[in-house]
Amino acid sequence: PGAVIVAISRLSILIDNAGRMESLSVEMKSGSGKRSGRARPAAASAGSPFGGVRKVSEGHVIMDKRFLNKQLARVNDLMTQVRAVPHMNKDKEMQGFKLFQIKKDSVFQKVGLKNSDVIQRINGQKLDSVEKGLDLFAALRDETNFTLDILRNNAKKTINIEIQ
């Protein structure tokens, strides 16, 4: 009673259980379905010399537009590359999404995100609800440049992602 499903992806469900955010994950093993259980490398865009993402400097990357569109077209696969859970402050207010289980060579790792990072803002917009986070994520498809304000080891950092 009181539990509400907030988001569903192929291998996980996000639930608001009376104000406490919980995540249920399904782990596919060999022989249990179509997936082999082996991680697949992130797809690179055809013609992209840098696998879709190139680091220009600390906190600044360039992402190939075709690569971004390919990633966003396969949201279910994209969401298997990382786990993100709402990050609450001591007053139980959402302060962003905490990342963990970032897969090696995933788009998330390529842009410079690390396990335990908390994404607090996208393009200056606070991630203070799951719904807002999903809306902002969906809006990235139309952006040519966006920033992620993150908290890493209690230090604020910004990652600028330029789409070309």
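Residues numbered from 1 in each chain as written. Predicted model: local features only at pLDDT ≥ 70, side-chain atom pairs only at ≥ 80, totals over all residues. Heavy atoms only, no water.

Trainee: Hey, could you run me through the pattern of salt bridges in this one?
Mentor: Opposite charge on two side chains lets them pair, provided their charged atoms get close. Counted under the stated rule, the structure contains 5 salt bridges. Here arginine 66 ties to aspartate 64 by a salt bridge, and the two come within 3.3 Å at their closest N and O atoms. The exposure class assigned to aspartate 64 is buried, which follows from its relative accessible area of 10%. The partner of aspartate 117 in a salt bridge is arginine 152, and the shortest N-O contact between them spans 2.8 Å. With aspartate 117 in the loop between helix H3 (107-110) and strand S8 (118-122) and arginine 152 in strand S10 (residues 145-152), this pair connects stretches of sequence that are 35 residues apart. Exposure remark for arginine 152: the relative accessible area of 11% places this residue in the buried category. (Salt bridge = Lys/Arg side-chain N within 4 Å of Asp/Glu carboxyl O. Buried < 20%, exposed > 50% of the residue type's maximum accessible area, 1.4 Å probe, protein only. Helix = DSSP H or I, 4+ residues; strand = E, 2+ residues; numbered from the N terminus.)

Trainee: Mind showing me how you'd approach the environment of asparagine 154 here?
Mentor: Mapped onto the elements, asparagine 154 comes out in the loop between S10 and strand S11 (155-163). For asparagine 154, a relative accessible area of 76% puts it in the exposed group.

Trainee: So what exactly am I meant to see when it comes to the nonpolar core here?
Mentor: Taken as a class, soluble globular proteins show a tendency for nonpolar side chains to be buried jointly. One finds Met63, Leu113, Ile119, Leu148 and Ile161 to be the most contacted residues of the largest nonpolar core, which totals 29 residues. Elements with a contribution of two residues or more to this core: strand S5 (60-63), helix H1 (65-73), strand S7 (94-100), H3, S8, helix H4 (130-139), S10 and S11. (Core = buried A, V, L, I, M, F, W, Y, C linked by side-chain atoms within 4.5 Å.)

Trainee: Can you help me understand the environment of alanine 155 in this one?
Mentor: The topology assignment puts alanine 155 in strand S11. With relative accessibility at 32%, the residue alanine 155 sits in the partly exposed group. Once the C-alpha coordinates of alanine 155 and aspartate 117 are considered, the two residues, 38 residues apart in sequence, prove to be 9.9 Å apart.

Trainee: How should the environment of valine 56 be read in this particular structure?
Mentor: Among the structural elements, valine 56 can be located in strand S4 (residues 53-57). Classification of valine 56 as partly exposed rests on a relative accessible area of 42%. Contact partners of valine 56, with chain neighbours within four places excluded, come to Val61 and Ile62. (Contact = heavy atoms within 4.5 Å.)

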